[in-house]
Amino acid sequence: MSAALAAILKRDLKLALRAGGGAGIGVIFFLAVVVIVPFAVGPDLPLLKRIGAAVLWIGALLASLLGLERIFAADHEDGSLDLLFLAPVPLALAAAAKALAHWVATGLPLVVMAPILGLMLGIDARSLVAVTATLVVGTPAVTFIGLLAGALAVTLPRSGLLVAVLVLPLAIPLLIFGVAATDAAVTGEIPFGAPFRLLCAISLFFFVLGPIAAAAALRYARE
Amino acid sequence: MPLSELANPHRFLRLVRVLIPALAMLALVLIGLGLVQGFRAPADYQQGEMVRVMYIHVPSAWIALAAYTLMAIASLGTLVWRHPLADVAAKAAAPIGAAFCLLCLVTGALWGRPMWGAYWVWDPRLTSVLVLFLLYLGVIALWRAIDDPGRAAKAAAILTLVGFINVPIVKFSVEWWSSLHQGASVFRLDGPSIHPSLLQPLLISAAGFVALFFALHLAAMRNEILRRRLRTLGILAAAEAEAR
Amino acid sequence: MDLGPHAGFIVAAYAAAAIIVSALVFWVVIDYRGLERSIAKLEARGAKRRSDR
């Protein structure tokens, strides 16, 4: 069973990282979003420092949405989705493996980029660690919500915006606790642990709900 | 009447022909009565005449929540019991629920401006209703994106249920979030408990809104059944034209 | 009736309610009429559902 999951993981990673896979574009988009913020609010470093964590979170959230609509649609088009149904693993687990591969290819680079962009926004070292930690926990959950949206939109030709519209309201709790934990690390008014643990709890919740709901959506879409 | 008897669209259409005008009349009478009583009641000692907005604001908030609950139950009906009218009910409820949600937000903003000094404050309750509105729009967008009704029904049902599970989490998060940002400085609505002279018209008006919702909902369900019949007829006509 | 210093907001709230509710009623009625007309047109052309034959 784990061999099959590893095979799915490896295949999706290969597809994402080769030319045309689109893994790198998310990072460029993240960079572009963060770079345009100072042009909008002004080159005011104290202000940027104050809103820096929020900017990084919004940038990472938006960048995580990219490519989610292809997560099952590409497999549907070339027929490999049918093989996924025949795989010797529960469909929910196979879907989770796909989400994990998608996050490693697109979400992990965002997390790696976040501290560098944070430096440009004047965020200090302690908050950089905090914001990176929250992104490590939070962005995979965004991908797992997106897994469901991608499964709902599996047969639709142009569903990028639809997926974004479906994912963003569901991701609000992640954004709240992700930014709150970072702010807690900066101001120290409340301990970092409280919002961070809530963020972890909500992420774990989506790690379970996302694949199960996505598998159900795929089954119904096949009927 | 058992729910299974309603599965027959013909019987359902015959039933709603009677029910829709009856419910519409009931809604008109109840809302009218509620408003007359409500405007005759003395003004609130704190809010003054502004409290009159309550008779539409609070019932629309209730309807917005109830309609989403109805959609979630109907979604279970689609996925688990496969009741043929369940997805019709879910689809018809979405735009109506969204409209009442919007009405709640608009009247709330107009109530908030004189009371709080701002059209919008990021209060947990307001924010939760706003997220509910976004969920409604997402479900409607999904219904519109998939053209096969059966497939759209199942996808929308899953999204509705996931959204329904998420509502408490969103509620908890925004409450936590706004307690962090605003604390005790916020002017909160839940001040003195409501006086009976205000409560009675509110309840009558709310009953009227429920009747109004069901009249609209049944009418929208009828439209949806007719739309599907039209779709089938169109496909049949096209097939026949091809055969000739 | 005296609606106090914020009469404009109260009137606006009721106007919003009237607009939104009548938009819903309008949508439902127009939709119904259009559907009935289209179905009648198709049936006049001889299209029938299998169950009606």
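Preceding block: the structure.
The rules we used
Residues numbered from 1 in each chain as written. Chains lettered and ligands numbered in written order. Predicted model: local features only at pLDDT ≥ 70, side-chain atom pairs only at ≥ 80, totals over all residues. Heavy atoms only, no water. Contact = heavy atoms within 4.5 Å. Buried area = accessible area lost by both parts, 1.4 Å probe. Salt bridge = Lys/Arg side-chain N within 4 Å of Asp/Glu carboxyl O. Polar contact = N/O pair within 3.5 Å; in protein donor to acceptor, adjacent residues only side chain to side chain. Nonpolar A, V, L, I, M, F, W, Y, C, P; charged D, E, K, R; others polar. Phe/Tyr/Trp six-rings, centres within 6.5 Å; stacked < 30°, edge-to-face > 60°. Buried < 20%, exposed > 50% of the residue type's maximum accessible area, 1.4 Å probe, protein only. Lys NZ or Arg CZ within 6 Å of the ring centre and 35° of its normal. Helix = DSSP H or I, 4+ residues; strand = E, 2+ residues; numbered from the N terminus.

> Quick one: what's the story with the interface of chain C and chain B, residue by residue and with numbers?
Taken together, the contact between chain C and chain B spans 31 residues of the former and 37 residues of the latter. Both faces considered, chain C and chain B share a buried interface measuring about 3100 Å² in area, 79% of it formed by carbon and sulfur atoms. Scanning the region where chain C abuts chain B turns up one salt bridge. Close ionic contact of D31(C) with R227(B) constitutes a salt bridge, the shortest N to O distance being 2.9 Å. Inspection of the region where chain C meets chain B yields three residue pairs in polar contact (both at pLDDT 80 or more). Partitioning the side of chain C that touches chain B into residue classes produces 20 nonpolar, three polar and eight charged.

> So what's going on with the packing of aromatic side chains? Residues and values would help.
Scanning the entire structure with this criterion turns up eleven aromatic pairs over all chains. Between the aromatic rings of F192(A) and F196(A), the centroid separation amounts to 4.9 Å while the plane-to-plane angle is 20°, which identifies the pairing as stacked. Under the relative-accessibility criterion, F192(A) is labelled partly exposed at 26%. Of the residues examined, F196(A) reaches a relative accessible area of 18% and is grouped as buried. Pairwise contacts between aromatic rings join F177(A), F172(B) and W176(B) into one cluster. When the ring centre of Y119(B) is taken as origin, the NZ or CZ atom of R113(B), which lies over that ring, is 5.6 Å away. One residue, R222(B), lies across the ring of Y32(C), its end atom 3.9 Å from the ring centre.

> Outline the arrangement of the chains, supporting the account with residue identities and numerical values.
Interchain contacts are distributed over two pairs of chains, and the most extensive set of them lies between chains B and C. One finds no contact linking chain A with chain C; the least C-alpha distance across the pair is 23 Å.

> Explain helix α4 (residues 70-78) of chain A to me, using residue names and the numbers behind them.
Residues and elements named next belong to chain A. Among all positions in α4, only I71, F72, A73 and D75 are buried. Check the buried side of α4 and you find it contacts α1 (2-17), α5 (80-86), α6 (91-120), α7 (125-152) and α10 (193-222). G79, located one to two residues past α4, shows a positive phi value of around 90°.

Honestly, that's just the spatial picture; any functional story needs more than this.
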